[in-house]
Structures are given as structure tokens and as C-alpha cells.
Amino acid sequence: MVEVAIVNYGVGNLKSVKRAIERAGARPIITLSADDVAKAGAIILPGVGSFKSAMEGLQPLMSTLREAISRGKPVLGICLGLQLFFEWSEEGGGVGGLGLMKGVVDRLPSSVKVPHMGWNTISIESQNPLVEGVPDGSYVYFVHSYKANPEDPGNIVATTVYGVKFPSIVWRKPLIFGTQFHPEKSGGVGFTMIKNFVSMARR
Amino acid sequence: MLSKRIIPCLDVKWGRVVKGVKFVNLRDAGDPAELAVYYEEQEADELVFLDITASYEGRKTLIDVVERTSDVLSIPFTVGGGVRGIDDIRDLLCAGADKVSINTAAVKNPQLVKEASDIFGSQCIVVAIDAKRVLKSERPSPKGFYVETSEGEVWWEVYIYGGRKPTGIDAIWWAKRVAELGAGEILLTSMDKDGTTDGYDIELTRAVAEAVNIPVIASGGAGNPHHIYEALTVGKADAALAASIFHFGVYKVRDVKKYLAERGVPVRL
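Now for a quick tour of the structure. (Residues numbered from 1 in each chain as written. Chains lettered and ligands numbered in written order. Predicted model: local features only at pLDDT ≥ 70, side-chain atom pairs only at ≥ 80, totals over all residues. Heavy atoms only, no water.)

**With respect to the overall build of chain B**
And step 1. On a plain count of helices and strands, chain B comes out with ten helices and twelve strands.
And step 2. Seen through its principal axes, chain B has C-alpha atoms that stretch 55 × 45 × 35 Å.
And step 3. Considering only contacts in chain B between residues 6 or more positions apart, those separated by 24 or more positions represent 64%.
And step 4. Carbon and sulfur atoms make up 49% of the accessible area of chain B, which amounts to about 10,500 Å² in all.
And step 5. Of the charged side chains in chain B, 33 are positive and 39 negative, and the gap between their average positions amounts to 1 Å. (Helix = DSSP H or I, 4+ residues; strand = E, 2+ residues; numbered from the N terminus. Contact = heavy atoms within 4.5 Å. Areas by Shrake-Rupley, 256 points an atom, 1.4 Å probe, with all protein chains shown as cover. Lys, Arg positive; Asp, Glu negative; His and termini not counted. Charge placed at Lys NZ, Arg CZ, Asp CG, Glu CD.)

Set out below in C-alpha cells:
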């Protein structure tokens, strides 16, 4: 059975992601160990904790993570996990990110209630293996205060509007994916994406 | 577009759902996890579990309920009732709750809201406010947040300990305060309306929704889909919580959402 490493860098609900991975037919491992991450067939950066605490938690794993990415191992960043892919975030006074995608993370506009909490729709802008079988305009569950601003439009798979239009799904070739929403909390639509991701780990 | 949320609320005691639940086709209508799945299938957007056990042994039962529910549910759920501090919040989140709601503990120690949102993130810290109307002519507000109503100028007083103890605190002021401290959401219950099924306190809901820049869940008084429509439109709430109208099977969540959609309220269907 393929193993999916869920990187445990913050305090929060990791159980829902874990269960979704199990239901998709893989074995989830909640871990901060470089060995576990190196052995896993795919890696999830979950949406728990703050940007700063997550980057600190990732430090011991950095070389393992970069190596896995250079070998084309699938990575899924959820919520905060998506934001970590970028170069810098203004959360917590300004913290450097993984720099896997060009651009910065900033706060949602003050013209709307923050956090953006609840079900909103995604507009799929480019086809992508993660959204296979996901209808355009599907509702997914968001809860976040910050958003990514990719410099390369090629990173954008789907967008959502809340005060402004922001990327709700990003990717970098071949298999780095990020969702600003929580697929593990987004009912059947979210589960389709989890299954798509897990199936990439098998290939 | 961000949809308005419909949130059934389940009262849980000793690991069982207690408020008169009359469902058909359920193996065990008292099992929170089974009811949760039933509501997810009904297209509920979220769920709230309110634990009314309030004892140490009861907490362990609650953790078990949260774990079993998160195993089977793929929509978010909030757990509240008797949450005293950081350890309680951590236990519930780690057991699989998406958000934890705090009420009395926040009033007694407002810094808990800040500490909890710093550690766990604002998104999972809900502050529940139980509020009751006071006429200005009978007793003025300590903070002066008045709303003109048909009864004259009113304010709302915060109650704690499950609505048993008045605090003298102005609910609108308190809502603004907890938002500043880092609360991610406010669960606002009208004690005047709770249990009446004659509609939410729209004036309270609107006053709080306009006072803060975080989402507000209206609670207390829902008796039919029109009440929910009013709370989400006139009341400007981001979400509506209801218990008895769903539990007694009078309305299904989907029926309420259809009613709202027909009237132009964005809902997930």
C-alpha cells in the first residue's frame, strides 16, 4: 500500500486528512521524521498552525523535501500548505517560504470579513490531474485569512472570488499541487481531489 | 460567491444526542456520529456539537464522540460546551474537531481568546456569546451600544454558565473585543428567542454582524425557513444555526436551502 506522509508541523486537526487518505486507499503517516518523508510515495503539507511555526517545523526536513520534489514525488499543500510554496508571507510580520513558486502571500482585503470562512466556488482555469472529475463551479470549504499571489499565471489551476480573485488551486510541474481550501472538509468534491492525488502517488 | 451556511446543532450528553430527535431510517438516532452523517447527506454546511455533560468523565466521552465523528464526516464541525483552557482546546482539535467554541472561559479570561488563536490559529477559535435584551430605560449599558427597537432603546447583556449567570457585559462591545483578541467567528445566541421557534433576534444579529469584521452565526429561535432567511438577509448573519426544526424532522436542511436559493440567497446545493 502506498504511503502518504502528512507533515506534522502544527497543532490542529490532522485526523480528517488522515481519514481521507485512508478512504482513498493509501496509508497515511503523520510525521516529522525525514526518514518517513523520504520513504513515502507522496507528501502532504497540511493546513494547521501559523506560517512561521510551519517553516520552523519544516527546517529539519528541508533537504529531504527538496530532494523528494526534485525526484518528482507528488506534494499536496492544503491551505497554509499552499502558502508555504511561495517565497514570502506577511503573516506574523513577514516570514520566508519554500520558494517553490514565485510570489508572495498577503492578507485578504479588509473590505470583506476575515477569515474567509465557508463554502465558496472554484473556477477551473486550466485542466489539471488534480481536478479530473471535478465540475467547474464546485463548492469547496475555505477557512483562511491570507492568500497567495503567484507571479507566474501558469501556476494557477483555479480561482475563487472573495473581495478579490485569488488562486484557490495552484500547481508546479510535474506534481506539486496546492489547494487554498480544505479538500478533506469539502464533501464528495474534495474527496475526488484527494483520490486524484493519491492515484498519482501510485504511479 | 461565498455561500451562507446552514448549521444544525446537536446537544450531546454522556456521548448521546439529547434533544428530542425523531428520525426514521436511522439505526441509532442518539448517536452523534450517525446523526452527523445524516446531516451531511442533507447538505448541512457544518455541524455544531454542544456538550452539556459538564463533568470530567463526560469530557472523555466527548473526545470519543469527536473522534468517531471525524472518522465519518467530511464537512467541518465545531465542538463547544465546558471548554476551560488551552489543553481542552488542543484535546478537541487533535481528536478531530475543526473548531472549538469557548464561552464562559473567554469571559472569565479574555486573554484565552488571544492565546488560543495565537497557538491554533483564529480559524479554529469560535467565541460563543449568549445575550439577553435589556431596556435602556430600565438599566443603561456600561458601554453605550444601543439599538433603537419597537420597545425603545435596548442593549444586550452577556450571560455565562449556560445562560444562568448575567455578567453586566455589553454583548456588542464584547463581540468587538473578542474579534480584536483573535476570535475567528462568533456564535451568537439570543437567550430571549432560544427555544421559542418564533424567529431569531434580528436586531441583535444585525447589530453584532455590523460591529465586527469576522463571521457571525445567528442562533436561537429558528422555527421555519423564513426565520433563517431573515437572519441571513436583514440580520446580515453569515450562517444560521438551528436545532429543533431539523431534529424534529419538520424541515430538512435541503428544503431550507432551496427556500433560500429561490429568494436569491447564495447557498451550496
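**Brief notes about the sheet that holds strand β12 (residues 156–162) of chain A**
Residue and element names in this part refer to chain A.
And step 1. Pairing in this open sheet of eight strands is mixed, and the strands run β2-β1-β3-β4-β14-β13-β12-β9 from one edge to the other. Lying at the two open borders of the sheet, with one neighbouring strand each, are β2 (27–31) and β9 (123–124).
And step 2. Bridging between strand β1 (residues 3–7) and strand β3 (residues 42–45) involves three bridges; their strand directions are parallel. Counted as the bridge partner of I6 is I44 from β3.
And step 3. Against the sheet, helix α1 (residues 15–23) contacts β1, β2, β3 and β4 (75–78), and its axis sits at roughly 155° relative to β2. (Pairing = 2+ DSSP bridges. Axes fitted to C-alpha atoms, helices over the stretch in contact; angles between N-to-C directions.)

**Things to note about the environment of S145 of chain A**
All names here are of chain A.
And step 1. If you trace the backbone, S145 turns up in the loop between β10 (139–144) and β11 (146–150).
And step 2. Expressed as a C-alpha distance, the spacing of S145 and D106, which sit 39 residues apart in the sequence, is 8.6 Å.
And step 3. Residue contacts for S145: discarding those within four places in its chain leaves R107, L108, V114 and P115.

**Notes on the pattern of salt bridges**
And step 1. Evaluation of the coordinates by the stated rule reveals 33 salt bridges over all chains.
And step 2. With a closest N to O distance of 2.7 Å, E46 of chain B and R5 of chain B form a salt bridge. Pair noted here: E46 of chain B is in the loop between α1 (32–41) and β3 (47–51) and R5 of chain B is in strand β1 (residues 5–13), with a separation of 41 residues, a long-range link.
And step 3. According to the relative accessible area criterion, E46 of chain B is buried, its value standing at 0%.
And step 4. Take R5 of chain B: its relative accessible area is 1%, and that puts it in the buried class.
And step 5. We note a salt bridge from K193 of chain B to D198 of chain B, for which the minimum N-O separation is 3.8 Å.
And step 6. What makes K193 of chain B partly exposed here is its relative accessible area of 23%.
And step 7. The network of salt bridges with common partners includes K15, K18, R19 and E22 of chain A together with D71 of chain B. (Salt bridge = Lys/Arg side-chain N within 4 Å of Asp/Glu carboxyl O. Buried < 20%, exposed > 50% of the residue type's maximum accessible area, 1.4 Å probe, protein only.)

**Looking at the interface of chain A and chain B**
Quite often, the size of an interface is put as the accessible area lost when its parts meet.
And step 1. In this complex, chain A contributes 26 residues to the contact, which on the side of chain B involves 38 residues.
And step 2. Taken over both partners, the interface formed by chain A and chain B buries close to 2,600 Å², and the fraction arising from carbon and sulfur atoms is 51%.
And step 3. Looking at the side of chain A facing chain B, the largest losses of area belong to K113, M117 and W119 of chain A, adding up to 28% of the total buried there.
And step 4. Where chain A meets chain B, there are four salt bridges.
And step 5. Taking the shortest distance from any N to any O, the salt bridge between K113 of chain A and D238 of chain B comes out at 3.3 Å. (Buried area = accessible area lost by both parts, 1.4 Å probe.)

**Points about the sheet that holds β11 of chain A**
Residue and element names in this part refer to chain A.
And step 1. Spatially, the four strands line up as an open sheet ordered β6-β5-β7-β11, and their pairing is mixed. Each edge of the sheet is formed by a strand with only one pairing partner; in this case those strands are β6 (95–96) and β11.
And step 2. One ladder, built from two bridges, connects strand β5 (residues 88–89) with strand β7 (residues 103–107); its direction is parallel. Within the sheet, the bridge partner assigned to S89 lies in β7 and is V105.

**Observations concerning the pairing of strand β11 (residues 216–219) of chain B**
All names here are of chain B.
And step 1. Of the two faces of β11, both are covered, the one formed by V216 and A218 as well as the one formed by I217 and S219.
And step 2. Of the pairings in the sheet, the one linking strand β10 (residues 185–190) to β11 comprises four bridges and is parallel in character. Counterpart to T189 in the pairing with β11 is S219.
And step 3. Each parallel crossover has a hand, and for β10 linked through helix α7 (residues 202–211) to β11 it is right-handed.
And step 4. Where β11 lies against strand β12 (residues 239–242), two bridges are found, and the strand directions are parallel. (Right-handed = clockwise from strand over helix to strand, strands pointing away.)

**Examining the nonpolar core**
All names here are of chain B.
And step 1. By size, the foremost hydrophobic cluster in this structure holds 83 residues, and its most contacted members are I129 and I228.
And step 2. No other element matches the six residues that helix α6 (residues 171–181) contributes to this core.
And step 3. Filtering out sequence-adjacent residues up to four positions away, I228 remains in contact with I6, Y200, A222, A240, I245, F246, V256 and L260. (Core = buried A, V, L, I, M, F, W, Y, C linked by side-chain atoms within 4.5 Å.)

**Comments concerning the environment of I119 of chain B**
And step 1. Relative to the assigned elements, I119 of chain B resides in helix α5 (residues 111–120).
And step 2. C-alpha of I119 of chain B to C-alpha of K108 of chain B: the two residues are eleven residues apart in sequence and 19 Å apart in space.

**Re the packing of helix α3 (residues 86–95) of chain B against α5 of chain B**
Residue and element names in this part refer to chain B.
And step 1. Between α3 and α5, the least distance of the axes is 10 Å, while the angle of their chain directions is 35°. Crossing hand, α3 versus α5: right-handed. Where α3 abuts α5, its residues I86, I89, R90 and L93 lie against L112, E115, A116, I119 and F120. (Left-handed = near helix turned anticlockwise from the far one by under 90°.)

**Examining the packing of aromatic side chains**
And step 1. Tallied over the entire structure, the rule returns eight aromatic pairs over all chains.
And step 2. Judged by centre distance (6.4 Å) and plane angle (85°), the ring pair of F177 of chain A and F197 of chain A falls under edge-to-face. Of this pair, F177 of chain A sits in strand β14 (residues 176–179) while F197 of chain A sits in helix α6 (residues 187–202), and the two are 20 residues apart along the sequence.
And step 3. When its relative accessible area of 0% is taken as the criterion, F197 of chain A is described as buried.
And step 4. Aromatic side chains Y38 of chain B and Y39 of chain B sit 5.7 Å apart centroid to centroid with 70° between the ring planes, which places their arrangement in the edge-to-face category.
And step 5. An aromatic cluster is built from F142, F166 and F181 of chain A, whose rings are joined through pairwise contacts.
And step 6. In this arrangement the basic side chain of R23 of chain A is found over the ring face of F191 of chain A, its NZ or CZ atom lying 5.9 Å from the centre.
And step 7. The positively charged end of K136 of chain B is found above the aromatic ring belonging to Y146 of chain B, 4.7 Å away from the centroid. (Phe/Tyr/Trp six-rings, centres within 6.5 Å; stacked < 30°, edge-to-face > 60°. Lys NZ or Arg CZ within 6 Å of the ring centre and 35° of its normal.)

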